[in-house]
Amino acid sequence: MKTIVKILIAAAIINAVARGFFAASSYYELKDDTQQAVTFGGESPTDQIQNQILESAEKLNLPVDPDSVEVTRTGLRTTAAVQYTQPVEFFPSYTYPVDFRFTVEAQAVEGAGAASVVRH
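Read on for an overview of the structure. Because the structure is predicted, anything quoted here is derived from the model rather than measured. (Residues numbered from 1 in each chain as written. Predicted model: local features only at pLDDT ≥ 70, side-chain atom pairs only at ≥ 80, totals over all residues. Heavy atoms only, no water.)

A few words on the environment of Thr3. Relative to the helices and strands, Thr3 resides in helix H1 (residues 2-40). Put simply, Thr3 and Ala23 are 20 residues apart on the chain and 30 Å apart in space, counted from C-alpha to C-alpha. (Helix = DSSP H or I, 4+ residues; strand = E, 2+ residues; numbered from the N terminus.)

For the rest of this paragraph, the subject is H1. Under the 1.5 Å per step criterion, the end-to-end length of H1 is 57 Å for 39 residues, consistent within 8% with the ideal 57 Å. Taken together, the buried positions of H1 are occupied by Ala16, Ala23, Ser26, Tyr27, Leu30, Lys31, Thr34, Gln35, Ala37, Val38 and Thr39. (Expected span 1.5 Å × (residues − 1). Buried < 20%, exposed > 50% of the residue type's maximum accessible area, 1.4 Å probe, protein only.)

Moving on to the side chain of Ser26. Structurally, the position occupied by Ser26 is in helix H1. Residue classification places Ser26 among the buried residues on the basis of a relative accessible area of 16%. Every residue in contact with Ser26, bar those within four places of it in the chain, is listed here: Leu60 and Leu62. (Contact = heavy atoms within 4.5 Å.)

Next up, the structure:
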């Protein structure tokens, strides 16, 4: 009986870690996609960059609201800030809301098609 309880506890812990890993993996993939959109969108309008970020979030099945994506440009510097809350079911029938947020920026090089990268 003790062995069965230990196996069930171990399975629950492994499940929770795996689900947390998948949520974190999607977060980092969205952050990377956002960095690319900002870096290579130096001449694109900010609303187009915002739409690229939202499309990327949709492909990853992340609950990102358009109001929680802010893309700004000051001179040659473009910044994107994203925040969202993802419900993660760490244990069966127990969903915990996990808050994710990040900011990325890139500095365009005047007269060039690419931008230099500044990571945060």
